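So you can see what is in the structure, the chains are spelled out below.
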Amino acid sequence: MKFFRRLLGSALWLFLSLSAACVLAVIGAALYFAPGLPDVRQLQGYELQSPLRIYTRDEKLIGEFGEERRTPVAYDAIPRDMVQAFLAAEDDGYFDHPGVDPKSLARAAFELAASGGIQTGGSTITMQVARNYLLTLDRTFTRKIREILLALQMEQILDKEEIFELYVNKIFLGHRAYGIAAAAKTYYDKPLAELTLAEKAMIAGLPKAPSTFNPLANPERSLIRRNWILYRMRELGYIDAERYNEAVQAPLTARRHSAQVEVEASYIAEMARQFAIERFGDDAYTGGYTLYTTLDSQLQGQAREALVQGLIDYDTRHGWRGAEETEIPPSLVEAQDKTQREGLEEELSESPEVIQTARKAAQSSEAQVSGIEGDVSNWLKVLDRTVVTGPLQPAIVVSTQDQKMQVLTSDAELVTLDWKGLEWAREYRSPKWRGEAPKRAEQIAQRGSLVRILQDKEGNWRLSQRPGIEGAIVVLEPRSGAIRALQGGFSFAHSKFNRATQANRQAGSIFKPFIYLAALQQGNMTAATVVNDAPVVMSDMGGDWRPGNSEGEFRGPTRLRVGLYRSRNLVTIRVLQALGLDNALAFLERFGFANGRLPHGLSLALGSASLTPLEMANAYAVLANGGFKVTPWYIERVMHTGEQEPLAESTPNVACPSCPEGATQTRIDGKTYPVAERVVDPQALYILRDMMRDVIERGTGRGALELNRGDIVGKTGTTNEQRDAWFSGFNSNLVATVWVGKDSNESTGEYGAQAALPIWKDFMQEALKGTPESVPDRPDDIVTKRIDTNSGLLLHDDQPGGIEELFRKDNLPDFEPRRIQRELENRSGSQGTGTYEAIF
């Protein structure tokens, strides 16, 4: 008996000692961490404010960021059974504990020790609010202790309803939806009051894993999670058996509902968002800021359409790469049978009833489409969650027969693709090689395959695919450098990498005009200067270099004009060699090219510099505006909610060819702008522009002649192994640069004239429709002279033949010597008459 008393006493002392140690540990932790904790009282005045909105210059919405702040909801406006759904899912003891649930923490600690992972979680709703509003999301024990202490403090300052309100307005619920009101709109396009019990339980199941249990991305898993929450609600007495039975059998009704922008310009909208963050920090999302960009909504639409269609056309020429997914189960029941059980341990361990009711719910979600036998509920869910990329619509193959294919669209329509829409789908093998032409539709794709379809202007559907190529187009107003249109890829939804501003690609031959311009302005050369197009071996960049021309042939003595419009590599290299590398590099800086990013070798002549499409467009803007150095810009003004005057407004440097020399300001539409620095002589630029016109009329840019305009000039570009295809061109009012290539830097298999020029042409055809031709005035000291086509020298008035060429008055070539033939002189019997000129 004594032994048991002693044992009991020891146990009691041990318990008291451990309890005291725990209390002291908590007090010690509180004393240690308290000085560095955020002030909980700041949550009392927390405001959910207006989002950041981005518009075009003509006030069309192109982006909205921070939508989670847009639809805050008060606790009294939250349906009671939605509150209960969150309690059942996250914290059923919320209204009873002081902010921390010791039992849940102990259970989570035990699971961590036993299995190395946590299935049930240990954070209360109050702790989640502390984490979401006041702490970072790093997973450390230190953060967890701070979270616990903040939760305890929070419960002393805010009541339970206030904390719950903060929770449901902040929590991330997938698909850019923050807060329950935003989620109700995103998934069901309803206000909270109109949601069914099943829909409320579905939303309440999202905080644990917004992607894993998402009704759009994982419908089969979301049903299990939803029905587990409904089961818990019944067990906790929140709902009766009748409501439970009705809700667990409810079909899945979630669909993608999102706010539609007025103009698709996601790449420039993202640039504007980054600008706002740099300027206003995180307050950009909540401070009620509105940014107006320089984008023209009509030009943006035309540029995007031209690029997207051009990339699709390229991809069609190169073959079929196969379906995006295969063997997709048609029904939700089949999909649920195949789903992985990992991550559903807590839900499935509660009761076999959870999986049974989830299966019944999947059965009740059955969907029938006219013309298709059986349940296609899963196919429709897969199509609904598949992101639309450009004009390409997702579709699932239903059947194939001979040379026809039937596909199901996201609109639950059965579409038949005839052979005209399928026959292009030869197997892709390389950029220059395709497999044999298919003979039957089943050789292309089989039942259950996810493909893309495209509707033409006549309303006919054809098979398509996401292009295996990328591209970018940049459109500038040359007078100021304002970005009027920008598309950084085929689809922002598919890839957010902005190739217009971030892709540093070799420029190729579109860089050559700047070498020729340097020669015209500083090298004492003319458009008629003859340079030898012949093989050469040079020591450059650390080794022997044997540059060649794209066709592998050489044309001998070649005038500069011909060298440019025929894009002769050896001519350009010798021009740069004669000019001097240092002189050329200094000259190129005038166009915004950074010296440190340019190759310091003769390969510079061939466009070996890695530059972005925006940088090339900016340099071409200097050529288009008369030689004034402008800088690209895209934020026109910044407005703030409630303010009438702009918070900030741009006043860029502008080109002014008509301004007197030395002018520093000019007026445009009643507003004063600083005049940009003139970095190029108008005479040299006028001659270069005329040379570039020959690229269109007789060179690699002849495809642009279809525009039937005499005011457009430009240059094609192709880099080694056809990795990059370019075209950059302009008139006096608009500059557009197009790049086409692969992110992997693999070969495209096409030249700039094939891949990039058609995109540029399609854009300019629409952009310039109905506008008068715009060409610069001819400078007074530019003269036209007749020259010999072989030597480039001037011809005397009495010398026949030749062609006309442009020159500066002060930089004329010598005259072609008169050709004397002794035989003619002897026949005439008079010395000095042995020339054709003298006879004729």
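Residues numbered from 1 in each chain as written. Predicted model: local features only at pLDDT ≥ 70, side-chain atom pairs only at ≥ 80, totals over all residues. Heavy atoms only, no water.

Student: Would you explain unusual backbone geometry in this entry?
Tutor: The general pattern is negative phi for most residues beyond glycine and trans for most peptide bonds. Here the phi dihedral of Asp402 falls at roughly 55°; this positive angle occurs in a residue that is not glycine. Within the fold, Asp402 resides in the loop between β4 (393-401) and β5 (404-409). Note on Asp402: relative accessible area 56%, which makes it exposed. (Helix = DSSP H or I, 4+ residues; strand = E, 2+ residues; numbered from the N terminus. Buried < 20%, exposed > 50% of the residue type's maximum accessible area, 1.4 Å probe, protein only.)

Student: Looking at this structure, how should I read the state of the cysteines?
Tutor: Covalent bonding between the sulfur atoms of two cysteines is what defines a disulfide. This model, assessed by the stated rule, comprises one disulfide. Between the sulfur of Cys656 and that of Cys659 lies a disulfide, 1.8 Å long from S to S. One disulfide, between Cys656 and Cys659, carries an S-S torsion of 75° and so falls in the right-handed class. In this pair, the class of Cys656 matches that of Cys659, namely buried. (Disulfide = S-S within 2.5 Å.)

Student: Quick question: what am I supposed to make of the packing of aromatic side chains here?
Tutor: What characterises a pair of aromatic rings is the spacing of the ring centres plus the angle enclosed by the ring planes. Per the counting criterion, the structure on display carries 19 aromatic pairs. Taken together, a centroid distance of 4.9 Å and an interplanar angle of 75° make the contact between Tyr94 and Phe95 edge-to-face. Assessed through its relative accessible area of 0%, Tyr94 is described here as buried. Here Phe95 falls in the partly exposed class, since its relative accessible area comes to 35%. Between Tyr267 and Phe492, the aromatic rings sit 5.1 Å apart at their centres with planes inclined by 90°, giving edge-to-face as the arrangement. A residue pair is termed long-range when its members are at least 10 positions apart, and Tyr267 in helix α11 (residues 266-280) and Phe492 in the loop between β12 (482-487) and α17 (499-502) qualify at 225 residues. For the pair Tyr267 and Phe492, a shared accessibility class is recorded, and that class is buried. Here the aromatic cluster, defined as three or more aromatic residues joined through ring pairs, consists of Phe511, Phe514, Phe587, Phe591, Phe593, Tyr620 and Phe730. Sitting over the ring of Phe65, Arg273 keeps its end group 6.0 Å from the ring centre. Lys496 extends its terminal NZ or CZ atom over the ring of Phe492, reaching a point 5.2 Å from the ring centre. (Phe/Tyr/Trp six-rings, centres within 6.5 Å; stacked < 30°, edge-to-face > 60°. Lys NZ or Arg CZ within 6 Å of the ring centre and 35° of its normal.)

Student: Teacher, can you tell me more about the confidence of the model for the protein chain here?
Tutor: Should the pLDDT be low somewhere, the predicted coordinates at that spot are not to be read in detail. Confidence in the prediction of the protein chain, expressed as mean pLDDT, is 87, and 85% of residues score 70 or more. Counting interchain partners and residues more than four positions distant, the pLDDT-below-50 stretch residues 135-141 has 12 contacts. Below a pLDDT of 50 lies the segment residues 831-840, which in the model reaches 21 contacts outside its immediate sequence neighbourhood of four places, other chains included. (pLDDT = per-residue confidence, 0-100. Contact = heavy atoms within 4.5 Å.)

Student: Sorry, what's going on with the packing of helix α2 (residues 80-90) against helix α8 (residues 197-204) here?
Tutor: Helix-helix packing is characterised by the crossing angle of the two axes and by the distance between the axes. Between α2 and α8, the least distance of the axes is 9 Å, while the angle of their chain directions is 40°. Viewed along their axes, α2 and α8 adopt a mutual orientation that is oblique. Our pair here, α2 against α8, has a crossing hand that is right-handed. On the side of α2, the interface is formed by Asp81, Met82, Ala85, Phe86, Ala89 and Glu90, while α8 contributes Leu197, Lys200, Ala201, Ile203 and Ala204. (Axes fitted to C-alpha atoms, helices over the stretch in contact; angles between N-to-C directions. Parallel < 35°, antiparallel > 145°, perpendicular 65-115°, else oblique. Left-handed = near helix turned anticlockwise from the far one by under 90°.)

Student: It is not clear to me how the sheet that holds β5 should be interpreted in this structure. Could you clarify?
Tutor: Pairing between the strands of a sheet is mediated by backbone hydrogen bonds and can be parallel or antiparallel. Taken in spatial order, the five strands of this open sheet run β6-β5-β4-β9-β10, and their pairing is antiparallel. Because the sheet does not close on itself, it has two edges, and the strands there are β6 (414-417) and β10 (461-464). With direction set aside, neighbouring strand axes in the sheet form an average angle of 45°. Bridge analysis of β4 against strand β9 (residues 450-455) gives four bridges, and the strand direction is antiparallel. Across the sheet, residue Ile396 finds its bridge partner in β9, namely Leu450. Lying on the sheet, helix α16 (residues 377-385) is in contact with β4, β5 and β9; it crosses β4 at an angle near 145°. (Pairing = 2+ DSSP bridges.)

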